[in-house]
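# Summary of structural features
For reference, the chains in residue letters:
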Amino acid sequence: MASIRDLTVTYRRGGDAVAALSNISLDIVAGERLAVIGESGSGKSTLALAIAGLLPASSAVGGRIEWSGLGRIPLLGRDIGFVFQDPSASLDPVMTIGKQIAEVARTHLGLTWSQADARAKTLLERVRLPDPDSAVHAFPHQLSGGQTQRVAIAAAIAAGPKLLIADEATSALDTIVQAQIVALIRQLVAEDGMTLLFISHDIALAAELAERIAVFRHGQLVERGTTAGIVDAPTQAYTRTLLDAHIGLDSAPLLNRAGPAV
Ligand SMILES: Nc1ncnc2c1ncn2[C@@H]1O[C@H](COP(=O)(O)OP(=O)(O)OP(=O)(O)O)[C@@H](O)[C@H]1O
Ligand code: NI
């Protein structure tokens, strides 16, 4: 789907240059669920923004991203759906959630308002928001964090994008809601045949959802592989540290992890 080649991103901050990504080459394969993990500041969001064409003007970009099978530069909303950690980054506080979802479908699919409103209702059912008939008239502040994230997901997939990018989309939620949202993302991605780029600092969450994992550190891609390979036999000490830190902090076992925990 996308071939990232020698991607380098530098932010200018005051007189300083911050190297956020250094020479990243990575393929995103159509139909796969790929997780990008790494500690805070490792460059995960910068990668997501670069792929979505959302980098700020203060950034300098080197290298290239080649898209196959699309025939054009991907359009955010139409070809790429983006879910942020904070749904208020993508939702308008003064517009009903039904209209916001309908707006995406109308803009990108050329639907009439009534067609788009119907699609919005269907999408709210698909993300399992309670009582979609009245929920379309609700405003974002009337919903819980988990419900707001469901709405943000509905808006992200409203135009049927091929690629869904979720950048720490569940990090602000408590563990139970987090698991529900992960399950929802998995289901929607399967139903719509989307490719998923799941960004998380949580290796266990990434392992639960992704078939392949790419590990970032200090703006570099330090290791990549299948989820089983990364979890069971990481080649890099840093990946091992991430795994061990998780085991120390959380009693939930890592999925697919063979053998006794160290
Ligand atoms: N707009 C910006 N201007 C200047 N520097 C930035 C900007 N955005 C990110 N950075 C810097 O670039 C580096 C990578 O940041 P990035 O947000 O991509 O990391 P991340 O892995 O997503 O971190 P987190 O887990 O905290 O979200 C960090 O050093 C960060 O401080
Ligand atoms: Ni980030």
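Residues numbered from 1 in each chain as written. Chains lettered and ligands numbered in written order. Predicted model: local features only at pLDDT ≥ 70, side-chain atom pairs only at ≥ 80, totals over all residues. Heavy atoms only, no water.

What follows deals with the side chain of Glu 32. Mapping Glu 32 onto the fold places it in the loop between β2 (16-28) and β3 (33-37). Judged by relative accessible area, Glu 32 falls into the buried class, the value being 8%. Engagement of the side chain of Glu 32 in a polar contact is seen with the side chain of Arg 212, the distance being 2.8 Å. (Helix = DSSP H or I, 4+ residues; strand = E, 2+ residues; numbered from the N terminus. Buried < 20%, exposed > 50% of the residue type's maximum accessible area, 1.4 Å probe, protein only. Polar contact = N/O pair within 3.5 Å; in protein donor to acceptor, adjacent residues only side chain to side chain.)

Positionally, Leu 197 belongs in strand β7 (residues 195-200). Placed 29 residues apart in sequence, Leu 197 and Glu 168 show a C-alpha to C-alpha distance of 11 Å. Non-local contacts of Leu 197, meaning those with residues more than four positions away in its chain, are made with Ile 28, Leu 34, Val 36, Ile 51, Leu 163, Leu 164, Ile 165 and Ala 166. (Contact = heavy atoms within 4.5 Å.)

This brings us to the site of ligand 1. With respect to spatial proximity, 13 residues lie near ligand 1, and among them Ser 40, Gly 41, Lys 44, Ser 45 and Thr 46 are the closest. Here an oxygen atom of ligand 1 sits 2.5 Å away from a polar atom, N or O, in the side chain of Ser 40. At 2.5 Å from an oxygen atom of ligand 1 is found a side-chain nitrogen or oxygen belonging to Thr 46. Bound to the protein, ligand 1 loses 68% of the 630 Å² it would expose on its own. For the shell around ligand 1, the secondary-structure elements that each account for two or more residues are β1 (2-13), β2 and α1 (44-52). In terms of residue count, the dominant contributor to the shell around ligand 1 is α1 (three residues). Of the residues belonging to the shell around ligand 1, the class tally is three nonpolar, six polar and four charged. (Near = heavy atom within 4 Å. Areas by Shrake-Rupley, 256 points an atom, 1.4 Å probe, with all protein chains shown as cover. Nonpolar A, V, L, I, M, F, W, Y, C, P; charged D, E, K, R; others polar.)

For the chain, the assigned domains are domain 1 (1-42 + 55-70 + 162-216 + 226-235) and domain 2 (92-160). Its C-alpha centre places domain 1 at a distance of 25 Å from the equivalent point of domain 2. Facing 14 residues of domain 1, the contacting portion of domain 2 comprises eleven residues. Both sides together, the interface formed by domain 1 and domain 2 hides about 1000 Å², and carbon and sulfur atoms give 62% of it. On the domain 1 side of the contact with domain 2, Ile 181, Leu 184 and Leu 188 bury the most area, a combined 40% of that side's loss. For the pair domain 1 and domain 2, the interface holds two salt bridges. For the salt bridge of Arg 126 with Asp 192, the shortest nitrogen-to-oxygen distance reads 2.9 Å. Across the contact surface, domain 1 and domain 2 share four residue pairs in polar contact (both at pLDDT 80 or more). For the side of domain 1 that touches domain 2, the leading source of residues is helix α6 (residues 175-192), giving nine residues. (Domains from an automatic or database assignment. Buried area = accessible area lost by both parts, 1.4 Å probe. Salt bridge = Lys/Arg side-chain N within 4 Å of Asp/Glu carboxyl O.)

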